[in-house]
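Coordinate analysis (summary)
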Amino acid sequence: TVNKFVLLGLAESPDVQLLLFGVFLLVYVFTLLGNVGMMTLVRTDPHLHTPMYFFLHHLSFVDACYSTVIMPNMLVSFISRNKDISFTGCVAQLYSFVFFGIVECYLLAVMAYDRYAAVCSPLRYVVMLPKSVCAWLVSASYTLGFLYAAIYTGCTFGGSFCNSNVIDHFFCDIGPLLKLSCSDRVLREKVIFAFVSLNGISTSGVILVSYLYILSAVLRAHSAQSRSKAFNTCTSHLMVISLFYGAGFFVYLQPSTSHNGLDKVATVFYTLVNPFIYGLRNRDVK
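Since we're looking at a predicted model, the values are computed, not measured.

1. Looking at the UniProt feature "transmembrane region" (unreviewed entry) in the protein chain
- Per the UniProt record, "transmembrane region" (unreviewed entry) is annotated on residues 20–42, 54–74, 94–113, 133–151, 191–218, 230–253 and 265–281.
- Structurally, residues 94–113 is divided into 100% helix and 0% strand, and its ends, taken at the C-alpha atoms, are 29 Å apart.

This is how it looks when you write it as structure tokens:
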């Protein structure tokens, strides 16, 4: 029914768009260099060949890809009058965005388990997370991302788009696309909601339980220095989790008819979440 979509973006004024181009270009370059730098550092420094940095390496890779799925097309739209995106390009963008987003969810959960093992069982840390287990956890995260992205994309594009082809967003996202569907979308929304809830509850549940054990272990510690070290280790992880999950739940755990301009603001937060926050707060990386 349509062969292309039109992305409205974040603003209509040319002056504002030029300003946004400069801001987001700077943020994107900083994000890309930071994540690529983190990946290079983890690969080249033998001191960082541990489970924590193995997971951080993949988190940096996923975050760099996550931002690249959206930002280049968005930057081009700021300085050109062409805001079109082909139907195929829109499908590919949504699938890639969801894929890397789901993988990031599971990697954050895996890293919470990693912190639990490091704080609560430091003497058994290497035994609990050998290289084979680390590789399996990362592979499982990518596999689940591949499967769930296919489900979300299939549900989003499973109907007809005959009302309009104008997307009130700066990229092809699930909610704005479902609003354009002229076929019955209730069942598809329920499926998406169910899987978003499943992903969110399962991964956030692992994170919550891990940090409850960590908190218990920290409170039992007799040394103030030990408590401070444990809190510093976990603070950056919790910062990324709060931004990512808070904005993600706000956007996706609501029906498509409830979406408004605030979704764009929330989306900016979780598409630019930067795992190299870990590096800025980590003595080994410094």
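2. Here we look at the packing of helix 3 (residues 87–120) against helix 7 (residues 186–220)
- For the pair helix 3 and helix 7, interaxial distance at closest approach is 9 Å and the crossing angle is 20°. As judged from the angle between their axes, helix 3 and helix 7 are roughly parallel. The way helix 3 lies across helix 7 gives a crossing that is left-handed. In contact with I102, C105, Y106, L108, A109, A112, Y113, R115, Y116, V119 and C120 of helix 3, helix 7 contributes N199, S202, T203, V206, I207, S210, Y211, Y213, I214, A217 and V218.
- Class assignment of the residues belonging to the contact of helix 3 with helix 7 gives a composition of 17 nonpolar, four polar and one charged.

3. A look at the pattern of salt bridges
- Applying the stated rule across the entire model yields two salt bridges.
- D84 serves as the salt-bridge partner of K4, at 3.1 Å between the closest nitrogen and oxygen. Of the two residues, K4 is situated in strand 1 (residues 4–7) and D84 in strand 2 (residues 84–86); the sequence distance between them amounts to 80 residues.
- The class for D84 is partly exposed, based on a relative accessible area of 32%.
- A salt bridge links R115 to D114, with the nearest nitrogen and oxygen atoms 2.7 Å apart.
- By relative accessible area, R115 is classed as buried at 8%.
- Judged by relative accessible area, which is 1%, D114 ranks as buried.

4. Quick notes on the sheet that holds strand 2
- Taking strand neighbours across the sheet as the criterion, the three strands line up as 2-1-3 in an open arrangement whose pairing is mixed. Each edge of the sheet is formed by a strand with only one pairing partner; in this case those strands are strand 2 and strand 3 (166–167).

5. Points about the state of the cysteines
- According to the stated counting rule, one finds one disulfide in the structure shown.
- Between the sulfur atoms of C90 and its disulfide partner C172 the distance amounts to 2.0 Å. Sign of the S-S torsion, about -125° for the bond between C90 and C172, identifies this disulfide as left-handed. Residue C90 is found in helix 3, and its partner C172 is found in the loop between strand 3 and helix 6 (174–180); the two are separated by 82 residues along the sequence. There is no split in this pair, since C90 and C172 are both buried.

6. Some remarks on the nonpolar core
- F5 and L177 are the most contacted members of the largest nonpolar core, which has 72 residues in total.
- For L177, the residues in contact, after removing those within four places along its chain, are F5, C90, L94, T156, F157, F161, I167 and C172.

7. Some thoughts on a nonpolar patch on the surface
- Taken together, L25, V29 and L33 make up a surface patch of nonpolar side chains, about 260 Å² in accessible area.
- Overall, L25 belongs to the partly exposed group, its relative accessible area being 33%.

Cut-off values and rules
- Residues numbered from 1 in each chain as written.
- Predicted model: local features only at pLDDT ≥ 70, side-chain atom pairs only at ≥ 80, totals over all residues.
- Heavy atoms only, no water.
- UniProt positions renumbered as here; feature names shortened; annotations may be inferred.
- Helix = DSSP H or I, 4+ residues; strand = E, 2+ residues; numbered from the N terminus.
- Axes fitted to C-alpha atoms, helices over the stretch in contact; angles between N-to-C directions.
- Parallel < 35°, antiparallel > 145°, perpendicular 65-115°, else oblique.
- Left-handed = near helix turned anticlockwise from the far one by under 90°.
- Contact = heavy atoms within 4.5 Å.
- Nonpolar A, V, L, I, M, F, W, Y, C, P; charged D, E, K, R; others polar.
- Salt bridge = Lys/Arg side-chain N within 4 Å of Asp/Glu carboxyl O.
- Buried < 20%, exposed > 50% of the residue type's maximum accessible area, 1.4 Å probe, protein only.
- Pairing = 2+ DSSP bridges.
- Disulfide = S-S within 2.5 Å.
- Core = buried A, V, L, I, M, F, W, Y, C linked by side-chain atoms within 4.5 Å.
- Patch = residues over 30% accessible without salt bridge, like charges linked within 9 Å, V, L, I, M, F, W, Y side chains within 5 Å.
- Areas by Shrake-Rupley, 256 points an atom, 1.4 Å probe, with all protein chains shown as cover.

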